[in-house]
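Below are the chains, spelled out letter by letter.
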Amino acid sequence: MKLYFAPETCSLSPHIVLRELGLPFELIKVNNKTKITATGEDFWQINPKGYVAALQLDNGQVLTEGTAIVQYLADLKPEATLAPLNGTWERVRLQEWLSFISSEIHSGMSPLFNRDIPEDVKDIFKTKLYKRFDFIEQTLAEHDYLLGGSFSIADAYLFTVLRWVKFFAIDLSPWISIVKYCDRIQRRPSVVAALQAEALV
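Attention here is on the structure that accompanies the text.

The rules behind these values
- Residues numbered from 1 in each chain as written.
- Predicted model: local features only at pLDDT ≥ 70, side-chain atom pairs only at ≥ 80, totals over all residues.
- Heavy atoms only, no water.
- Helix = DSSP H or I, 4+ residues; strand = E, 2+ residues; numbered from the N terminus.
- Expected span 1.5 Å × (residues − 1).
- Buried < 20%, exposed > 50% of the residue type's maximum accessible area, 1.4 Å probe, protein only.
- Arc of directions from axis to C-beta.
- Contact = heavy atoms within 4.5 Å.
- Pairing = 2+ DSSP bridges.
- Right-handed = clockwise from strand over helix to strand, strands pointing away.
- Polar contact = N/O pair within 3.5 Å; in protein donor to acceptor, adjacent residues only side chain to side chain.
- Phe/Tyr/Trp six-rings, centres within 6.5 Å; stacked < 30°, edge-to-face > 60°.
- Axes fitted to C-alpha atoms, helices over the stretch in contact; angles between N-to-C directions.
- Salt bridge = Lys/Arg side-chain N within 4 Å of Asp/Glu carboxyl O.

What follows is about helix H5 (residues 119-140). If you check H5, its first and last C-alpha atoms are 30 Å apart, about what 22 residues at 1.5 Å a residue would give, namely 32 Å. Every buried residue belonging to H5 is among Lys122, Lys126, Leu129, Phe133, Ile136, Glu137, Thr139 and Leu140, and all of these are buried. Down the axis of H5, the buried side of the element spans an arc of 130°, and every buried residue falls inside it. Away from the buried face of H5 by more than 90 degrees, exposed residues Asp120, Ile124, Lys131 and Gln138 are located. Those residues of H5 that are buried are in contact with helix H4 (89-109), helix H6 (153-162) and helix H7 (176-186).

Moving on to the pairing of strand S2 (residues 26-29). Where strand S1 (residues 2-5) meets S2, 4 bridges bridge the pair, whose relative direction is parallel. Of the residues in S2, the one forming a bridge with Leu3 is Leu27. Tracing the backbone out of S1, into helix H1 (residues 12-21) and back to the parallel element S2 gives a crossover that is right-handed.

This next bit is on the side chain of Gln71. The residue Gln71 is located in helix H3 (residues 66-76) in this model. A relative accessible area of 16% means that Gln71 is categorised as buried. For Gln71, the side chain forms a polar contact with the side chain of Arg91, separated by 3.3 Å. Look past the residues within four positions of Gln71 in its chain and what remains in contact with it is Arg91, Gln95, Leu98 and Ile153.

Bringing unusual backbone geometry into the picture now. Cis peptide bonds are those with omega within 30 degrees of zero, and the linkage from Val52 to Ala53 qualifies with 5°. Mapped onto the elements, Ala53 comes out in the loop between helix H2 (43-46) and strand S3 (54-56). Of note in the backbone geometry, Glu65 takes a positive phi value of approximately 75° without being a glycine. With respect to the helices and strands, the residue Glu65 is situated in the loop between strand S4 (62-64) and H3.

Our focus in this paragraph is the side chain of Thr37. With respect to the helices and strands, Thr37 occurs in the loop between S2 and H2. Owing to a relative accessible area of 5%, Thr37 belongs among the buried residues under this scheme. At a separation of 2.8 Å, a polar atom in the side chain of Thr37 contacts the side chain of Thr39.

In this section: the packing of aromatic side chains. A complete count under the given rule lists 13 aromatic pairs for this structure. Aromatic side chains Trp97 and Phe100 sit 5.8 Å apart centroid to centroid with 85° between the ring planes, which places their arrangement in the edge-to-face category. With Trp97 and Phe100 both in helix H4 and 3 residues apart, the pair spans about one turn of that helix. The exposure class assigned to Trp97 is buried, which follows from its relative accessible area of 10%.

To continue, consider the sheet that holds S4. Strand order in this open sheet of 4 strands is S2-S1-S3-S4, and the pairing throughout is mixed. The open sheet terminates on both sides in strands that have one partner only, identified here as S2 and S4. The average angle at which neighbouring strand axes cross in this sheet is 20°, direction not considered. Summarising the sheet, S1 and S3 pair through 3 bridges and their orientation is antiparallel.

In this fold, Glu20 is placed in helix H1. Separated by 146 residues in the primary sequence, Glu20 and Lys166 have C-alpha atoms spaced 25 Å apart. Non-local contacts of Glu20, meaning those with residues more than four positions away in its chain, are made with Leu82, Phe151, Arg188 and Ser190. Among the polar contacts made by the side chain of Glu20, one reaches the side chain of Arg188 at a distance of 2.7 Å.

Side chains carrying opposite charge are able to pair once their charged atoms draw close together. Under the definition given, this model contains 9 salt bridges. Ionic pairing is found between Arg184 and Asp144, a salt bridge with its closest N-O pair at 4.0 Å. Here Asp144 lies in the loop between H5 and H6 and Arg184 lies in helix H7, a separation of 40 residues in the sequence. A relative accessible area of 41% places Asp144 in the partly exposed class. Overlapping salt bridges bring together Glu8, Arg163 and Lys166 as one network.

Here it is in structure tokens:
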């Protein structure tokens, strides 16, 4: 498999999951401005959407969208328990979290990257984001991870997008459980290896 990634993007999430599962893969960097890969490929030809992450399977098929990729990967090794089994109530809860992270945290931060949006408007988006942090804080005050006592693909995704707060001078310290959660995940060997491979540490 080949994982196409760009540093400080959501592609870190499937990268972490690949390392958690111990699956063999090739990591290929994409220049987000030129859309040329480190191997000289035109990324538009790999993913017509133009953004990472993209996972090219050994049969040539390309899977995009981070939440789909991490579920596909987790199901390759169900014994690793990074995702509950399909058809279970717990799997639905996982999908609920993935959807929330995607729509409320990932997409919630997207306007903050836009230089054309005035700061006072960005403050409105931040206020909404803080309410979502409050909700996550309540969960993590009771559990080490989003689904309870064990790390899942949802945690890989949330950790990835929470790393972006540093770009907007957002201080997470008011959310004590979130800070502890991020510290806990950052120490996982898979996360350390992924961050090193992407030259993020």
